[in-house]
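What follows is the residue order along each chain.
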Amino acid sequence: TTLGGYASVVRSDVLNLLFILVGVTVPAVYLLRVVGGLEQIHLDLSFAAPEMLSGGTSLSSAVSTFTMMLAWGLGIAVNPQYTTRIMAARRRRDAYWMLCLAPFVLGWVYFSVTLIGLGVRVLSPQIGLVEDVNFPALLAGVLPPTVNMFFLIAALAAAVSTANSQLLLAAG
């Protein structure tokens, strides 16, 4: 980032995005298969932690998961690094494409991370309701080592991407 400028950030971010997408998709798909699907996750949670969700129907399951993901995603979307990336587009058309694609890509990431958190809560009912407890427990042995590896790579890629963005903002 320091020597390569914005062009190196773009190349690094593309690679980091691929790592993040794969790194959150693999554990989410694994958990959906192990637990039995999104509706089963919500049914199990409605018995184990009814205060987390409302009901167990497929509609309320989808709405609950969507609102969790949306609340998280909208809070992060106001970070200045997103604006910097849009403003640095070479052409106006590229900026529009970023704006059109970003909700789907980021939505998938946040949806997957939400599924991971809910799935881990189902598989580890002894975990409390503190949100930050689920992800360290995930790495502590709830999932197989290979699946944990994918998630850890995604977390590291997100940290590198954020560091690149912060260096770019500081230099700008």
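This structure is a prediction, so every number in the text was calculated from the model and none was measured.

**Student:** So, a nonpolar patch on the surface: which residues are in play, and what are the values?
**Tutor:** A contiguous nonpolar patch, built from Leu-15, Phe-19, Met-149 and Ile-153 and spanning about 340 Å² of accessible area, is present on the exposed surface. Looking at the nonpolar patch, the elements that each hand over two or more residues are α1 (5–35) and α7 (145–171). Following the sequence through the fold, Ile-153 ends up in helix α7. Note on Ile-153: relative accessible area 33%, which makes it partly exposed.

**Student:** Quick one: what's the story with helix α5 (residues 92–123), residue by residue and with numbers?
**Tutor:** Under the 1.5 Å per step criterion, the end-to-end length of α5 is 46 Å for 32 residues, consistent within 8% with the ideal 46 Å. Helix geometry: α5 is bent most strongly at Leu-101, by close to 35°, with proline Pro-103 lying one to four residues after it.

**Student:** Tell me about the packing of aromatic side chains, residues and numbers included.
**Tutor:** Aromatic rings in a pair are described by how distant their centres are and how their planes are angled relative to each other. Under the criterion given, the structure shown has 1 aromatic pair. With centroids separated by 6.0 Å and ring planes inclined at 40°, the aromatic side chains of Trp-108 and Phe-111 adopt a geometry described as tilted. A residue pair is termed a helical-turn pair when its members lie 3 or 4 positions apart in one helix, as Trp-108 and Phe-111 do in helix α5 at 3 residues. On the basis of relative accessible area, Phe-111 is assigned to the partly exposed category, the value being 23%.

**Student:** Could you give me a rundown of the packing of helix α4 (residues 80–87) against α5, with the residues and numbers involved?
**Tutor:** At their nearest, the axes of α4 and α5 sit 10 Å apart, and the two run at 145° to each other. Our pair here, α4 against α5, has a crossing hand that is right-handed. Along the contact surface, α4 presents Tyr-82, Arg-85 and Ile-86, while α5 presents Ala-95, Met-98, Leu-99, Leu-106 and Tyr-110. Each residue belonging to the contact of α4 with α5 can be placed in one class, and the counts come to 7 nonpolar, no polar and 1 charged.

**Student:** Hey, could you go over the side chain of Asn-148 for me, with residue numbers and the actual values?
**Tutor:** Tracing the sequence through the fold places Asn-148 in helix α7. Side-chain polar atoms of Asn-148 contact the backbone oxygen of Leu-143, separated by 3.0 Å.

**Student:** Would you mind going over the side chain of Ser-161 in detail, with residue names and values included?
**Tutor:** Tracing the chain through its elements places Ser-161 in helix α7. When neighbours within four sequence positions are excluded, Ser-161 is seen to be in contact with Asp-13, Asn-16 and Arg-85.

**Student:** Lay out the pattern of salt bridges with the relevant residues and their values.
**Tutor:** One pass over the full model with this rule turns up 1 salt bridge. In this structure, Arg-91 and Asp-94 form a salt bridge, with 3.4 Å as the shortest nitrogen-oxygen distance. Residue classification places Arg-91 among the partly exposed residues on the basis of a relative accessible area of 47%. Asp-94 gets classed as partly exposed once you look at its relative accessible area, which sits at 24%.

**Student:** Tell me what's going on with the packing of helix α2 (residues 38–48) against α5, and back it up with residues and numbers.
**Tutor:** Where α2 meets α5, the closest approach of the two axes is 9 Å, and the angle between their N-to-C directions is 45°. For the element pair α2 / α5, the angle class is oblique. Seen from above, α2 lies across α5 with left-handed handedness. Across from Leu-38, Ile-41, His-42, Asp-44, Leu-45 and Ala-48 in α2, the residues of α5 making contact are Phe-111, Leu-115, Leu-118, Gly-119, Arg-121 and Val-122. Of the residues belonging to the contact of α2 with α5, the class tally is 8 nonpolar, 2 polar and 2 charged.

What counts and how
Residues numbered from 1 in each chain as written. Predicted model: local features only at pLDDT ≥ 70, side-chain atom pairs only at ≥ 80, totals over all residues. Heavy atoms only, no water. Patch = residues over 30% accessible without salt bridge, like charges linked within 9 Å, V, L, I, M, F, W, Y side chains within 5 Å. Areas by Shrake-Rupley, 256 points an atom, 1.4 Å probe, with all protein chains shown as cover. Salt bridge = Lys/Arg side-chain N within 4 Å of Asp/Glu carboxyl O. Helix = DSSP H or I, 4+ residues; strand = E, 2+ residues; numbered from the N terminus. Buried < 20%, exposed > 50% of the residue type's maximum accessible area, 1.4 Å probe, protein only. Expected span 1.5 Å × (residues − 1). Bend = angle between axes of the 7 residues up to and from the residue. Phe/Tyr/Trp six-rings, centres within 6.5 Å; stacked < 30°, edge-to-face > 60°. Axes fitted to C-alpha atoms, helices over the stretch in contact; angles between N-to-C directions. Left-handed = near helix turned anticlockwise from the far one by under 90°. Contact = heavy atoms within 4.5 Å. Nonpolar A, V, L, I, M, F, W, Y, C, P; charged D, E, K, R; others polar. Polar contact = N/O pair within 3.5 Å; in protein donor to acceptor, adjacent residues only side chain to side chain. Parallel < 35°, antiparallel > 145°, perpendicular 65-115°, else oblique.

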